[in-house]
Amino acid sequence: ANLLIIPLSTVIMYGAILLLIFSPFEILTKYFAFGLQLVIRSMNEAAKLMSKIPGTVFSNWHISFIELMLIYLMIIFVSLFLFSKSRRLLWLSLICLFIFVCSTLINYYNQMSRKELIVYHIKNESCAAIFYGHKIVQLGKPNKDVATHEIESESRVFQKKTFCSGEIISINDFKIAVVETLYYFTEKPIVDAVLLRKNPKINVARLGKCFPGATLIADGSNSFSKCIRWKKTADSLHLKFWNTYEQGAFRLKK
């Protein structure tokens, strides 16, 4: 791409300087600016065409600060080796490369083995995400933290799903019951969490019996006062309860 981009960008750079010089002359400026605009459009179109060729663009490639420093050290050691021909420098560059590869493999393995449910706190909204391997399922309103995880997950599969009251969302090893209205489940399903949304009229004690062992989660779509009241009742009944107003995002790993 640089074989086209660099010459055209050079023309644009000098053309912009000439445009400033000729700016007092209205007629010259008009035609000169038109020509410069054509060159800029040509450069942008050339970049777009190049980006559509398979294998020409790296996307969703995330490296940590330590990995970035290792890359810099490799470049420095190899550059010094080319001047001094010292084998020690070559070995140092290979050690940096080895550590970099190991770090990348560890990060990849951690991503592949990751199984996590996160319920975020957003005022007046509900947002959750389920991560398993390099796959992400976003529930409810989009959240910038989900986007960050999406970028950090290479070869990801990103899906979106909405909440429905009375629904039991089953994704991978996670099961979440959604309660946002006065709703009673006829059976006692085994779920990991019960998401309370939009100030539902519930009986905490009855809800605890309906979902034995599950964590009751009150997110930011509920009023603060109700969340406090629910938590006091749940604590008195020794039920697992999570209030995102006070405790922040809820996380469950498997």
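For every chain, the first residue of the written sequence is number 1, and numbering continues from 1 along that sequence. Local features in this predicted model are restricted to residues of pLDDT 70 or higher, and side-chain atom pairs are both shown and tallied only at a pLDDT of 80 or more, whereas totals for entire chains, interfaces and linings draw on every residue. Just so you know, side-chain values use all the structure's heavy atoms and leave hydrogens and water out.

Asker: Please provide a residue-by-residue account of the overall build of the protein, values included.
Answerer: The helix and strand labels rest on DSSP assignments: H or I over at least four residues marks a helix, E over at least two residues marks a strand, and numbering proceeds from the N terminus. Across its full length, the protein carries 8 helices and 10 strands. The buried label goes to any residue with under 20% of its type's maximum accessible area, the exposed label to any with over 50%, and the partly exposed label to all in between, with areas taken from a 1.4 Å probe on protein chains only. The buried share of the protein, taken over its 254 residues, is 34%. Residues are treated as being in contact if the distance between any of their heavy atoms lies within 4.5 Å. Across the protein, every contact between residues at least 6 apart in sequence was considered, and the portion connecting residues at least 24 apart equals 42%. Note on areas: Shrake-Rupley with a 1.4 Å probe; residue coverage comes only from the protein chains shown. As displayed, the protein has an accessible area near 16300 Å², and 64% of this comes from carbon and sulfur atoms.

Asker: Describe the confidence of the model for the protein, naming the residues involved and giving the relevant values.
Answerer: Looking at the protein as a whole, its pLDDT mean stands at 85, while 90% of the residues score no less than 70. How sure the predictor is of each residue is captured by pLDDT, a score from 0 to 100. Per-element mean pLDDT across the protein ranges from 52 in helix α5 (residues 144-152) up to 95 in strand β9 (residues 241-243). Confidence drops under a pLDDT of 50 for residues 150-155, and excluding neighbours within four residues, the segment shows 15 contacts in the predicted structure.

Asker: With reference to specific residues and values, describe the side chain of T244.
Answerer: Looking at where T244 falls in the secondary structure, it is placed in helix α8 (residues 244-247). At 2.8 Å, the side chain of T244 and the side chain of H121 are in polar contact. With sequence-adjacent residues up to four places away left out, T244 is seen in contact with V119, Y120, H121, I217, A218, D219 and G220. By the criterion applied in these results, polar contacts are pairs of N or O atoms within 3.5 Å in which, for protein atoms, one can donate a hydrogen and the other can accept it, and in which residues neighboring in sequence qualify only through two side-chain atoms.

Asker: Just give me the short version of the sheet that holds β9, but keep the residues and values in it.
Answerer: Strand order in the open sheet made by the 5 strands is β5-β6-β7-β8-β9, with mixed pairing throughout. A single partner strand is all that each edge strand has here, and the edge strands are β5 (168-171) and β9. Taking each pair of neighbouring strands and ignoring which way they run, the sheet shows an average axis angle of 20 degrees. Where strand β7 (residues 193-196) meets strand β8 (residues 215-218), 4 bridges bridge the pair, whose relative direction is parallel. When the sheet's bridge partners are listed, L196 is paired in β8 with A218. Any two strands between which DSSP finds at least two bridges are classified as paired. Here, axes are lines fitted to C-alpha atoms. For helices the fit covers the stretch in contact, and angles between N-to-C directions go from 0 to 180 degrees.

Asker: Help me get a handle on the packing of helix α3 (residues 65-84) against helix α4 (residues 87-112), residues and values and all.
Answerer: The geometry of α3 relative to α4 is characterised by a closest axis approach of 8 Å and an angle of 160 degrees between their N-to-C directions. Between α3 and α4, the angle is such that the two are roughly antiparallel. The hand of the α3/α4 crossing is left-handed. Residues E67, L70, I71, L73, M74, F77, V78, L80, F81 and S84 of α3 form the contact with α4, whose own contacting residues are L89, L90, L92, S93, C96, L97, I99, F100, S103, T104 and N107. Residue polarity is assigned by list, with Asp, Glu, Lys and Arg as charged and Ala, Val, Leu, Ile, Met, Phe, Trp, Tyr, Cys and Pro as nonpolar; anything else, Gly included, falls into the polar class. In terms of residue class, the contact of α3 with α4 is made up of 15 nonpolar, 5 polar and 1 charged. Roughly parallel means an angle under 35 degrees; roughly antiparallel means over 145; roughly perpendicular covers 65 to 115; every other angle is labelled oblique. When the near helix sits turned anticlockwise from the far one by under a right angle, the crossing is termed left-handed; a clockwise turn instead gives a right-handed crossing.

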